[in-house]
Every structure is written in structure tokens, then in C-alpha cells.
Amino acid sequence: MKRKSSGGGAAQGTAEAPGTVEAQDTALDAVDARLGARLAELRAERNWSLGELAERSGISRSTLSRAERAEISPTASLLNRLCHVYGRTMSQLLSEVESEPALLMRAAEQPVWEDRSSGFVRRSVSPPHAGLRAELVEGRLTEGADIAYDRPPVPGLEQHIWVLEGALDVTVQEAEHHLDAGDCLRMRVWGPTRFRCAGPGAVRYVLAVVLP
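Owing to the predicted nature of the structure, the values given are computational and were not obtained by experimental measurement. (Residues numbered from 1 in each chain as written. Predicted model: local features only at pLDDT ≥ 70, side-chain atom pairs only at ≥ 80, totals over all residues. Heavy atoms only, no water.)

1. Considerations on the packing of aromatic side chains
Stated formally: Working definition: a ring pair exists when centres of Phe, Tyr or Trp rings (six-membered ring for Trp) sit within 6.5 Å. Plane angles under 30 degrees give stacked, over 60 give edge-to-face, the rest tilted. Each residue's exposure class comes from its accessible area (1.4 Å probe, protein chains only) as a fraction of the maximum for that residue type: buried when under 20%, exposed when over 50%, partly exposed otherwise. A helix here means a DSSP run of H or I that spans at least four residues, while a strand means a run of E at least two residues long, and both kinds are numbered starting from the N terminus.
If you walk through the whole model with that rule in mind, you get 4 aromatic pairs. When the ring of tryptophan 113 is compared with that of phenylalanine 120, the centres are 6.3 Å apart and the planes differ by 75°; the resulting orientation is edge-to-face. A residue is classified by how much of its surface remains accessible, and phenylalanine 120, at 7% relative accessible area, is buried. Relative to phenylalanine 195, the ring of tyrosine 149 lies with its centre 6.0 Å away and its plane at 85°, an arrangement referred to as edge-to-face. Of this pair, tyrosine 149 sits in strand β4 (residues 146-149) while phenylalanine 195 sits in strand β9 (residues 193-196), placing them 46 residues apart in sequence. When its relative accessible area of 6% is taken as the criterion, phenylalanine 195 is described as buried. Members of the aromatic cluster, joined through ring pairs, are Tyr149, Phe195 and Tyr205.

Laid out in C-alpha cells, this is it:
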């Protein structure tokens, strides 16, 4: 979708690099397309016609239709009205239309974080993304490592722990579980958890995390 100038023309003595404006317009058009599709989905989820949405939002049917088809770039005022109708903040709505996550995460691109004091190495194999509900983590604990978490980042978080090498002791609230290579523990986390590697040797495992 081509965009008109906001008026006034470019200042003398300034110049855009070749392709810069076109690239920006293409990126904005892609965002408008995803936003329009998401707005259409929200209306369809509620089984509302354009007329019903127009009555609830105070926005004309033609404007709503053009916004859903990405024929116009919605204004902040228009989005604010729709966010109110759909029970969302603008930040929440915009986060739902972020660009698609990378389909392929090369090993060299996977973020690695190390807690040397506890002997824990964490590789984010499939990093979290606003458009996805799950992530994959590879964890490594040295022999003797003992890590305790007093609460989950999100109550009711779903986790699957699959031990690849070594042995891992996991405490979920008051329940203790010993996992050897090949074992998998599935749980919903509401309280404290603890990960221990008694040995012999280190442990390597996969942690799948799914938002509730």
C-alpha cells in the first residue's frame, strides 16, 4: 500500500538512501496487514457483524472494513476505541501482531546464559516469542549443582523435563522425583521447585515450557 507524504515536502539538503523509503513502507504495510487480519479475527471470534461492531465502537462500517482489509493504516484513536471494545490494551493488541518468529534457530544463534556460581548453563533452543506459547531450553548442571526457585514466573506454568544424559533430582513443592537418562517429568508449576544434580557426573536435559 503506497503512502502519501504528510505534507510540506522534504527539506532541502537532505536525501533518503536509495530504497530506504520503499523498505519502510513495505514494513509498515506488513504490520497493517497483520493488524487488519487480527482485528478481523477478534470480530469473528465474537460472531459480530461489521454493523454490530460499528454500534459498539462508534466507528463507521466502511472504516472498519477498510481497516480489516489493511486498506488504511489505523489511527491511534481508532485502535483505542477497538481496544476498549475488545478488552485489550493497545500494547497487548500490537504484541499480537509482531512479525512472525524465525522458523529456524541455528545452534550458533541460540542464546546461552551461564550461572557459574551454581554450575548451571542454560541454552535457549527455541526462545520465547509473543506469538508463541511454548519455548525449549537445554539445561546443564555440573555435579553437585543445586538450584531452587521460590515461585514460577507465571502461576500454573506447564513444564516437561526430559533428561538426556546423567541424572536429575527435581522437587515440585513437597514431591521429590528422581530422573535418569530418558525419563520425562510433566508438571504444572504453582509453587517452589528445586533442581539438583547429585552425580556422578553432570546432567543434561531439555525443558519445554508452555504458557497457561
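2. Focus: the side chain of glutamate 138
For the record, the criterion: Identification of polar contacts relies on pairs of N or O atoms within 3.5 Å, with a donor-acceptor requirement for protein atoms, meaning one able to donate a hydrogen and the other able to accept it, and with residues adjacent in sequence counted only if both atoms are side-chain atoms. In this analysis, two residues are considered to be in contact whenever any of their non-hydrogen atoms come within 4.5 Å of each other.
The topology assignment puts glutamate 138 in strand β3 (residues 134-141). For glutamate 138, the side chain forms a polar contact with the side chain of arginine 204, separated by 2.9 Å. Contact partners of glutamate 138, with chain neighbours within four places excluded, come to Val121, Arg122, Arg123, Val125, Arg204 and Tyr205.

3. Structural notes on the sheet that holds strand β7 (residues 175-180)
The strands that make up a sheet are held in pairs by hydrogen bonds between backbone atoms, and each pair lies either parallel or antiparallel. For clarity, the threshold we go by: Pairing between two strands requires that DSSP report at least two bridges joining them. Axis geometry follows a simple rule: fit a line to the C-alpha atoms, using only the stretch in contact for helices, then measure angles between N-to-C directions, giving values from 0 to 180 degrees.
Sheet architecture is open: 4 strands sit in the order β4-β9-β6-β7, paired in antiparallel fashion. The sheet terminates laterally at β4 and β7, the two strands that pair on one side only. Each strand of the sheet is rotated relative to its neighbour by a mean of 15°, with strand direction disregarded. Of the strand pairs in this sheet, strand β6 (residues 167-172) and β7 are connected by 6 bridges, and their pairing is antiparallel.

4. Points about the sheet that holds strand β5 (residues 157-165)
Across the sheet, which stays open at both edges, the 6 strands sit in the order β1-β2-β3-β10-β5-β8 with antiparallel pairing between neighbours. Two strands close off the open sheet at either side, each with one partner strand: β1 (112-115) and β8 (184-189). Across the sheet, the mean angle separating the axes of adjacent strands is 20° when strand polarity is ignored. Bridge count between β1 and strand β2 (residues 120-126): 4 bridges; the pairing is antiparallel. Each residue of the ladder has a partner; that of aspartate 115, found in β2, is phenylalanine 120.

5. Focus on the layout of surface pockets
Heads up, the condition is: Put plainly, a pocket is an open set of points on a 1 Å grid over the protein atoms alone with protein on both sides within 12 Å along at least five of seven lines, a cavity is a set where a 1.4 Å probe fits but cannot get out, and a lining residue has an atom within 4 Å of a point. Grid points are joined across faces, edges and corners, and a volume is the space filled by probe spheres set on the points.
Empty space within the largest pocket amounts to approximately 480 Å³. Taken together, 26 residues make up the lining of the largest pocket; nearest its centre are Arg122, Leu157, Gln159, Leu207 and Val209.

6. Regarding the environment of leucine 42
Its place among the elements puts leucine 42 in helix α1 (residues 20-45). Setting aside residues up to four positions removed in sequence, leucine 42 forms contacts with Tyr86, Arg88 and Leu93.

7. What to know about the nonpolar core
Heads up, the rule is: Side-chain atoms within 4.5 Å link the members of a nonpolar core, which is a set of buried Ala, Val, Leu, Ile, Met, Phe, Trp, Tyr and Cys residues.
Grouped together as the largest cluster of nonpolar side chains are 21 residues, with contacts concentrated most on Leu141, Ile161, Leu168, Val170 and Tyr205. Excluding residues within four positions of it along the chain, leucine 168 makes contact with Leu141, Ile161, Val163, His177, His178, Leu179, Phe195, Arg196, Val203 and Tyr205.

8. Focus: helix α3 (residues 61-68)
Heads up, the rule is: Relevant arc is that of directions from the helix axis to the C-beta atoms, nothing else.
Of the positions making up α3, those classed as buried are Leu64, Ser65, Ala67 and Glu68. Buried residues of α3 fall within an arc of 165° about the axis and therefore sit on the same side. Immediately beyond the C-terminal end of α3, within one or two residues, lies alanine 70, with a positive phi of roughly 60°.

9. A few points about the environment of leucine 132
Looking at the element boundaries, leucine 132 is found in the loop between β2 and β3. Here leucine 132 falls in the partly exposed class, since its relative accessible area comes to 39%. A sequence separation of 36 residues divides leucine 132 from glutamate 96, and the C-alpha atoms of the two residues are 9.7 Å apart.

10. Here we look at helix α4 (residues 76-86)
Along α4, the residues classified as buried are Leu78, Leu79, Leu82, Cys83, Val85 and Tyr86. End-on, the buried residues of α4 take up no more than an arc of 160°, which puts them together on one face. Turned more than 90 degrees away from the buried face of α4, the exposed residues are Ala76 and His84. For α4, the N-terminal cap is threonine 75; the gap from its side-chain oxygen to the backbone nitrogen of leucine 78 is 3.1 Å. Glycine 87, located one to two residues past α4, shows a positive phi value of around 70°.

Read these as geometric descriptors, not functional statements.
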